[in-house]
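# Residue-level structural notes
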Amino acid sequence: MINQQSNNRFFFNVDWVTILIYIALCAIGFVNIYASIPQVEESTAFNFASNYGKQLIFIMTGLVLGFSILLLDAKFFSIFSPIIYGVTMILLLVVLVVGRNVGGNQAWIPIGSFRLQPSELAKFGTALLLARYISSFNPKLNTLKPVLIAAVIIVVPMCLIMLQPDAGSMLVFLSFMFPLYREGLPGYLLIIFWGMVLLFILNLFLSQWVLISIILILGGLFIYFNKKKHQRMIMIGIIMISAIGYLFIAKLVFENVLQPHQRTRIELILGLKTDPKGAGYNVNQSKIAIGSGQLTGRGFLQGTQTKYGYVPEQSTDFIFSTIGEEWGFAGCFVVIGLYMFLLLRIVNLAERQRSTFSRVYGYCVACIIFFHVFINIGMTIGIIPVIGIPLPFISYGGSSLWSFTVLLFIFLKLDSNRMGFI
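Below is a short write-up of the structure. Predicted model only: the values in this text are computed from it and were never measured.

Quick look at the layout of surface pockets now. Taken as a whole, the second largest pocket spans an internal volume of roughly 1200 Å³. Contributing to the lining of the second largest pocket are 44 residues, with Val102, Trp108, Arg115, Glu313 and Thr316 lying nearest its centre. Elements with a contribution of two residues or more to the lining of the second largest pocket: helix H3 (51-70), strand E2 (105-111), strand E3 (114-116), helix H8 (167-172), helix H13 (260-269) and helix H18 (398-416). Taken together, the residues that form the lining of the second largest pocket break down as 14 nonpolar, 22 polar and eight charged.

Contact pair helix H5 (residues 81-98) / helix H7 (residues 144-162): the axes reach a minimum separation of 9 Å and the direction vectors enclose 20 degrees. Judged by the inter-axis angle, H5 sits roughly parallel to H7. For the crossing formed where H5 meets H7, the hand is left-handed. Contact with H5, carried on its side by Tyr85, Met89, Leu92, Leu93 and Leu96, involves Val152, Ile153, Val156, Pro157, Leu160 and Ile161 of H7 and no other residues of that element. A class-by-class count of the residues in the contact of H5 with H7 yields 11 nonpolar, no polar and no charged.

The subject of this paragraph is the side chain of Ser175. Turning to its location among the elements, Ser175 is positioned in the loop between H8 and helix H9 (177-182). In this structure the side chain of Ser175 is engaged in a polar contact, spanning 2.6 Å, whose partner is the backbone oxygen of Val172.

Before going further, it helps to examine the pattern of salt bridges. One pass over the full model with this rule turns up seven salt bridges. The residue Glu351 makes a salt bridge to Arg182 at a minimum N-O spacing of 2.9 Å. One end of the pair, Glu351, is in helix H16 (residues 319-351); the other, Arg182, is in helix H9, with 169 residues separating them in the sequence. Overall, Glu351 belongs to the partly exposed group, its relative accessible area being 39%. The residue Glu325 makes a salt bridge to Arg298 at a minimum N-O spacing of 3.7 Å. Residue Glu325 is located in helix H16, and its partner Arg298 is located in the loop between helix H14 (281-292) and helix H15 (304-307); the two are separated by 27 residues in the primary sequence. By relative accessible area, Arg298 is classed as partly exposed at 40%. Among the charged side chains, a network of salt bridges with common partners joins Arg182, Glu183, Glu351 and Arg359.

Scoring rules and cut-offs
- Residues numbered from 1 in each chain as written.
- Predicted model: local features only at pLDDT ≥ 70, side-chain atom pairs only at ≥ 80, totals over all residues.
- Heavy atoms only, no water.
- 1 Å grid on protein atoms, 1.4 Å probe; cavity = no way out; pocket = protein on both sides within 12 Å on 5 of 7 lines; lining within 4 Å.
- Points joined across faces, edges and corners; volume = space filled by probe spheres on them.
- Helix = DSSP H or I, 4+ residues; strand = E, 2+ residues; numbered from the N terminus.
- Nonpolar A, V, L, I, M, F, W, Y, C, P; charged D, E, K, R; others polar.
- Axes fitted to C-alpha atoms, helices over the stretch in contact; angles between N-to-C directions.
- Parallel < 35°, antiparallel > 145°, perpendicular 65-115°, else oblique.
- Left-handed = near helix turned anticlockwise from the far one by under 90°.
- Contact = heavy atoms within 4.5 Å.
- Polar contact = N/O pair within 3.5 Å; in protein donor to acceptor, adjacent residues only side chain to side chain.
- Salt bridge = Lys/Arg side-chain N within 4 Å of Asp/Glu carboxyl O.
- Buried < 20%, exposed > 50% of the residue type's maximum accessible area, 1.4 Å probe, protein only.

Written out as structure tokens, the structure is:
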């Protein structure tokens, strides 16, 4: 039973600014999902069976879900984080057996007319368990064992999602590296990670033997100038061997693990291939739509690329192209500004937490949202390969909206109880 004093404390402590940003982004999403309906589907009557009608239902139920979370005890999420994580992992296994294949990915569990995407739920499940591990054991992330345990928590859902296969959702889990860095993960591990990304890209442009020669020459020079420091020489040798081995593994993954359409998208972005009417069609049409919006946009329901269905998946992965065409640079600036304000707000709230659990979870929330926003907008303007992840709170979809709602409102609940949750 919640007494009057608890109610007053609840309304006083909750960060209503973040909730208002959340509502604003959901409203922007609804308006642009409505605008993304092709001309032939226009109707004067409100249609709850359409995408915009369903999204309105998702938003309303999302608000109910979010405010229900705010009424729970904050300690619930820490205590039950292993169970929540376990349930999401079970759902990731279930989807491999009974899931519906859509667009080449067996990522959805059909429940009547609704489809549940477990990979979306796994994001906040993983964030909760990672925060629980760090807060409970206070691990030193500059030593091997704690890093391996944290890596297992993150890699298990990544592997299960890759079996679907859904490379886009799987890559989102890499964002958990940054909360770990905040909690003491050595910076050189992040350098190694980005070095691997660079080697992967260079591996597509240059011959492997050219890259191996460069690695051997650079490694030889470092060894020569450190010949009196035996430990450093051994470390350089290990790095050289690892880098050469990684080149072969990266090539193997690119040619045999990635799906053909995923390889093509990467090659298109890197300029290794041109296919404006095939695999590059989506991105080209999206860039045309955004470019045609110019400064202030064509106006609501006036976008030709949008209304005549030239951009595929426009209500989901390419919803930003609708914003760009109908609201122009000004509309894009507002949306990106809201996301930046939201992210800075979450990071600021995370830093003021007295609980390690709340702080780590807050950083996980910020990093997941940032990764989604950066990748999704990057896809629509053609600077990042199309990997099919939604724009938080704006893209059409119940699983996406609800999972981001749960992700955000759990943190808001933790923040509202920061003085009593140590």
